[in-house]
Structures are given as C-alpha cells and as structure tokens.
Amino acid sequence: MCILWKNDLNHLVTPYAQFSSRCCAVRLSLEKFTCAIICVYLPNDNYSNVVSDEMRDTLDSLEAFICALNVDCILLGGDYNVDFLRTNADTTEFIIFFK
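So, how was this worked out
- Residues numbered from 1 in each chain as written.
- Predicted model: local features only at pLDDT ≥ 70, side-chain atom pairs only at ≥ 80, totals over all residues.
- Heavy atoms only, no water.
- Axes fitted to C-alpha atoms, helices over the stretch in contact; angles between N-to-C directions.
- Helix = DSSP H or I, 4+ residues; strand = E, 2+ residues; numbered from the N terminus.
- Parallel < 35°, antiparallel > 145°, perpendicular 65-115°, else oblique.
- Contact = heavy atoms within 4.5 Å.
- Nonpolar A, V, L, I, M, F, W, Y, C, P; charged D, E, K, R; others polar.
- Patch = residues over 30% accessible without salt bridge, like charges linked within 9 Å, V, L, I, M, F, W, Y side chains within 5 Å.
- Areas by Shrake-Rupley, 256 points an atom, 1.4 Å probe, with all protein chains shown as cover.
- Salt bridge = Lys/Arg side-chain N within 4 Å of Asp/Glu carboxyl O.
- Buried < 20%, exposed > 50% of the residue type's maximum accessible area, 1.4 Å probe, protein only.

K.L.:
Can you lay out the packing of helix α1 (residues 53-68) against helix α2 (residues 89-97) for me, pointing to particular residues and giving the numbers?
P.N.:
Contact geometry of α1 with α2 gives a least axis separation of 11 Å together with a crossing angle of 10 degrees. For the element pair α1 / α2, the angle class is roughly parallel. Residue-level inspection shows Met55, Arg56, Leu59, Leu62 and Glu63 of α1 in contact with α2, the latter providing Asp90, Glu93, Phe94 and Phe97. Looking at the contact of α1 with α2 residue by residue, the classes come out as 5 nonpolar, no polar and 4 charged.

K.L.:
Report on the environment of asparagine 46, specifying residues and quantitative values.
P.N.:
Along the chain, the position of asparagine 46 falls in the loop between β3 (33-41) and α1. Taking C-alpha positions, asparagine 46 is 9.4 Å from threonine 91, a pair spaced 45 residues apart along the chain. In this structure, asparagine 46 is in contact with Val51, Ser52 and Asp90, ignoring residues within four places of it in sequence.

K.L.:
A description of a nonpolar patch on the surface should follow, citing residues and the corresponding values.
P.N.:
Nonpolar side chains collect at one region of the surface, where Ile74, Leu76 and Phe98 lie side by side and expose about 230 Å² of accessible area between them. When you line up the elements, leucine 76 lands in strand β4 (residues 73-79). Taking the relative accessible area as the measure of exposure, leucine 76 reaches 31% and is therefore partly exposed.

Shown next, in the form of structure tokens:
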C-alpha cells in the first residue's frame, strides 16, 4: 500500500511515521485546513467466528493513530477485505470499529 503525490506538492504533504505494517499515512497541510490521509490494507477474511489477531492488531493500531491526530479531517482508503454480506467475526469487528 502507498500514497503517492506529485513532487510539486511536497511542501504540502508530510508522511507520518509508520504505525502499522498494514497502514501508511500523510498529513496534507493547506492554508487553513489540515487532513490526514490514511491507506489501510486489512488482512484477508478468515471466515471464522473468532477475530484474527492480525485484524485486531491492525484496527487497534489504526484507532490509536487516529485518536492521536490533530487535524481537521481524516480520509481513510485502501483495501478492507470485507464482505458486508458475511456475518463472520472479522466483518463484525470492522463494522464495530467504524461505529
């Protein structure tokens, strides 16, 4: 996963330190507005009734990172590997995380 930008935007974009092997983030600083852009790659669905350690660790790291931010907005993107038609543990954990 990655976040790309043109060189002429380097003065507006600052990468954050890596907080998870499954996430990356940058800070976009405009004149009166700051935004964190986060790219997330969640683990593949485990089709289980138990949340995988990797899913829990990734969501815990993401939550801690988001809670520490001091920005006007947060944009999340990436590959969540979630199928909302399934009712397994990883999908349920993902839904709970965003409530």
